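Topology and contacts: notes
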Amino acid sequence: MARKKTPSRNPSAAGPRRKIRYAVVGLGYISQVAVLPAFRNARRNSELVALVSDDPLKQKELAKRYRVPQTHSYEAYGDLLASGDIDAVYIALPNHMHRAYAVAAAEAGVHVLCEKPLAVNEKECEDMIRAAEEHDVRLMTAYRLHFEKANLKSVEIVRSGRLGEPRVFHSIFTMQVEEGNIRLGGPDLGGGPLYDIGIYCINAARYLFRAEPSEVFAASANIGEKRFQESQEMASAILRFPVERLASFACSFGASDTGWYQVMGTKGDLRLDSAYGYAEAMKQTVTVDGKSRQTSFPKRDQFAPELLYFSDCILKGKDPEPSGREGLADVRIIRALLRSIETGRSVKLPEFERGKRPTMAMEIERPAIPSPPLVHVESPSGD
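Okay, so let's go over this structure. (Residues numbered from 1 in each chain as written. Predicted model: local features only at pLDDT ≥ 70, side-chain atom pairs only at ≥ 80, totals over all residues. Heavy atoms only, no water.)

What follows is about the overall build of the chain. Scanning the chain for helices and strands turns up nine helices and 15 strands. Compactness check: the chain gives a C-alpha radius of gyration of 20 Å against a globular reference of 21 Å for 383 residues, within 12% of the reference. The C-alpha extent of the chain, read off along each of the three principal axes, is 60 × 45 × 40 Å. Across the 383 residues of the chain, 55% fall into the buried class. Partitioning the intrachain contacts of the chain with sequence separation of at least 6 by distance along the chain shows that 73% fall at a separation of at least 24. Only carbon and sulfur atoms are counted for the fraction: they give 49% of the accessible area of the chain, which is about 16,300 Å². Within the chain, the 49 negative side-chain charges are centred at a point lying 7 Å from the centre of the 53 positive side-chain charges. (Helix = DSSP H or I, 4+ residues; strand = E, 2+ residues; numbered from the N terminus. Rg over C-alpha atoms; globule rule 2.2 N^0.38 Å. Buried < 20%, exposed > 50% of the residue type's maximum accessible area, 1.4 Å probe, protein only. Contact = heavy atoms within 4.5 Å. Areas by Shrake-Rupley, 256 points an atom, 1.4 Å probe, with all protein chains shown as cover. Lys, Arg positive; Asp, Glu negative; His and termini not counted. Charge placed at Lys NZ, Arg CZ, Asp CG, Glu CD.)

Attention now moves to a nonpolar patch on the surface. A grouping of Phe217, Ile238 and Leu246 is seen on the molecular surface, where their side chains present a nonpolar patch of about 240 Å² in accessible area. Assignment of secondary structure puts Phe217 in strand S8 (residues 215–221). Residue class for Phe217 comes out partly exposed when judged on its relative accessible area of 33%. (Patch = residues over 30% accessible without salt bridge, like charges linked within 9 Å, V, L, I, M, F, W, Y side chains within 5 Å. Salt bridge = Lys/Arg side-chain N within 4 Å of Asp/Glu carboxyl O.)

In this structure, Phe169, Leu208, Leu239, Phe249, Tyr261, Tyr276 and Leu337 are the most contacted members of the largest nonpolar core, which totals 53 residues. The element best represented in this core is helix H7 (residues 193–209), accounting for 12 residues. If you look at the next biggest cluster of nonpolar residues, it comprises 36 residues, including Ile20, Val35, Leu62 and Ala142. (Core = buried A, V, L, I, M, F, W, Y, C linked by side-chain atoms within 4.5 Å.)

Glancing now at unusual backbone geometry. Omega for the peptide link from Lys116 to Pro117 comes to -10°, which places this bond in the cis form. The linkage connecting Glu321 with the following residue, Pro322, adopts the cis geometry, with an omega of 25°. Tracing the backbone shows Pro322 in the loop between helix H8 (304–316) and helix H9 (324–343). Phi is positive for Asp136, which is not a glycine, with a value near 55°. Take Asp136: it is sitting in the loop between helix H5 (122–134) and strand S6 (139–141). Positioned with a positive phi, Glu244 is a non-glycine residue whose angle comes to about 55°. The residue Glu244 is located in the loop between strand S9 (234–241) and strand S10 (245–252) in this model.

Here we come to helix H4 (residues 98–107). Listing the buried residues of H4 in full gives His98, Tyr101, Ala102, Val103, Ala105 and Ala106. Residues of H4 that are buried sit in contact with strand S1 (20–25), helix H3 (77–82), strand S4 (88–91), strand S5 (111–114) and H5. Phi for Gly109, located one or two positions after H4, is positive at around 80°.

If you want it as structure tokens, here you go:
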């Protein structure tokens, strides 16, 4: 679809290079613990100029802490978009709100960096992609691990052939989520472990195998705790990939914190511990012909690289990757897994083209930033 040109809101066409002005929409846990502090490491081309929230205390305290000149309520979001004071939004709202706020931004000529999952279902994702195309704005799904060294190094090793032909992917991602947390909403709201943490396992399998699954099967379990009345407690899935490769994973909101994946090839295997986290170091173990080698990767700021990369895309007039279509790729798989859980049967997926995959060329490294004190929000586990 051809893009409609809107040069007055396109910094790449505005003459001298400048910083992209962002509004962060939603001041929940991820915004406070990671996104807002990341602007310090992204100041080369990104500037935080507005906060959007309905919580007056969050507005006051966070605007003061980060020296943000503007604060707005959700009701005033449209006025902010029309003001000309921002070039882009970072959407960190509950999953079911992504579509409405992203489409509104695109229609106003404002670029969109949106937390994953991109939306709740395929249609919502497609609405967001279409709005971005029609209004000549960039849409990027916030896959921070596409810029992270340990995961990109894993991609490089699998591609190199050191493990032989990759045959099996397996992963576990679990955590405890306290009652009342937004993550425990029903699937119609984008709640549950598949949308929140299972998506990391799905995305990793796709970028390590560099392919899209053709068939999926899933099952869920729930021991009946009150906190899991609307959400699944846990889910386990099998994804069939081309060349008869299998990926399996389990994700849970009712088990202790862990997150790792392993790729088994015909000659060796690779395991990455703390594979999906942003608050700790990662450890990679590669075993070939019975000999193992471990590499440690220190904690880094994983959110500033997203901002730096997206701002460069806007300034240079380039389409970002991970794109909106990358977000759609995972959401369609999640929806198929939910159908499999409902029916007890495997679900076949139509072909889906993805031309680009993450490589080491995408790595952007920035130093870790200490976690700041939180305002009117708690971590999912209540820590």
